[in-house]
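Summary of the model geometry
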Amino acid sequence: MASQKVFTLSQVAQHRSKKDCWFVINGRVLDVTKFLNEHPAGEEVLIEVAGKDATKQFDNIGHSKEAQNLLLKYQVGVLQGHAFTESDKNAFFVESTRKEMSASVIKG
Ligand code: HEM
């Protein structure tokens, strides 16, 4: 289950190295340290936004549904002041049953 622990942006900003890399996308605080090696576009672009809100950068790329679902795996909490909508809650559900649903998630 995705964590609902609340972080401020300055707390997120304390994690901006290769060995400890966090950022925020759509109000979700992500610890992507283990994902750096796996990112199809490499780790450098991720390290550039480490400790920041990377929502715009993430959206500008036009990441696939698969990528959007994948990021839930790295969620460690939410950004302070961020309110989740009903569809966001469904996304948590997708994450918690990710293994069973992976085939349909990939098809989007
Ligand atoms: C946890 C967060 C992220 C995940 C899970 C993720 C995942 C992916 C995946 C699966 C792809 C392959 C193409 C696709 O499926 O859309 C991709 C491509 C890419 N990502 Fe990410 N990404 C993340 C964050 C970011 C961020 C923050 C940036 C920019 C600062 C970024 C920049 C790119 C670029 C430049 C590509 C290549 C696009 C292309 O080849 O056209 N990604 N990412």
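Residues numbered from 1 in each chain as written. Predicted model: local features only at pLDDT ≥ 70, side-chain atom pairs only at ≥ 80, totals over all residues.

As recorded by an unreviewed UniProt entry, the protein chain carries the name cytochrome B5-LIKE and is attributed to Salix purpurea. UniProt lists a comment for the protein chain under the heading Subcellular location (unreviewed entry), and it reads "Membrane". In its Sequence similarities (unreviewed entry) section, UniProt records this for the protein chain: "Belongs to the cytochrome b5 family." (UniProt positions renumbered as here; feature names shortened; annotations may be inferred.)

Observations regarding the site of the ligand
The full set close to the ligand counts 20 residues, and Ala 41, Gln 57, Ser 64, Ala 67 and Leu 71 are the nearest of them. Those elements that provide at least two residues to the shell around the ligand are helix 2 (44-48), helix 3 (55-61) and helix 4 (65-71). For the shell around the ligand, the residue count by class is 15 nonpolar, 4 polar and 1 charged. (Near = placed C-beta within 6 Å. Helix = DSSP H or I, 4+ residues; strand = E, 2+ residues; numbered from the N terminus. Nonpolar A, V, L, I, M, F, W, Y, C, P; charged D, E, K, R; others polar.)

Regarding the environment of Trp 22
Residue placement: Trp 22 occurs in strand 3 (residues 20-25). We classify Trp 22 as buried; it has 24 C-beta atoms within 10 Å. Setting aside residues no more than four positions away along its own chain, Trp 22 makes contact with Val 12, His 15, Val 29, Leu 30, Asp 31, Val 32, Ala 50 and Gly 51. (Buried ≥ 20, exposed ≤ 12 C-beta atoms within 10 Å, placed from the backbone. Contact = placed C-beta atoms within 7 Å.)

Focus: the nonpolar core
Membership of the largest hydrophobic core comes to 15 residues, with the highest contact counts inside it found for Trp 22, Phe 23, Val 29 and Leu 30. Breaking this core down by element, the ones donating at least two residues are strand 3 and strand 4 (28-31). In terms of residues, this core owes the most to one element, strand 3, which gives 5 residues. In contact with Leu 30, not counting residues within four places along its chain, are Trp 22, Phe 23, Ile 25, Leu 71, Tyr 74, Gln 75 and Val 76. (Core = buried A, V, L, I, M, F, W, Y, C linked by C-beta atoms within 7 Å.)

Points about the environment of Asp 31
Within the element layout of this structure, Asp 31 appears in strand 4. Once the C-alpha coordinates of Asp 31 and Ala 50 are considered, the two residues, 19 residues apart in sequence, prove to be 9.6 Å apart. Setting aside anything within four residues of it in sequence, one finds Asp 31 in contact with Trp 22, Tyr 74 and Val 76.

Here's the deal with the sheet that holds strand 2 (residues 16-17)
Taken together, 5 strands build an open sheet; the order of strands is 1-5-4-3-2 and the sheet is mixed. Pairing within the sheet leaves two strands with one partner each, and these edge strands are strand 1 (6-7) and strand 2. (Pairing = 2+ DSSP bridges.)

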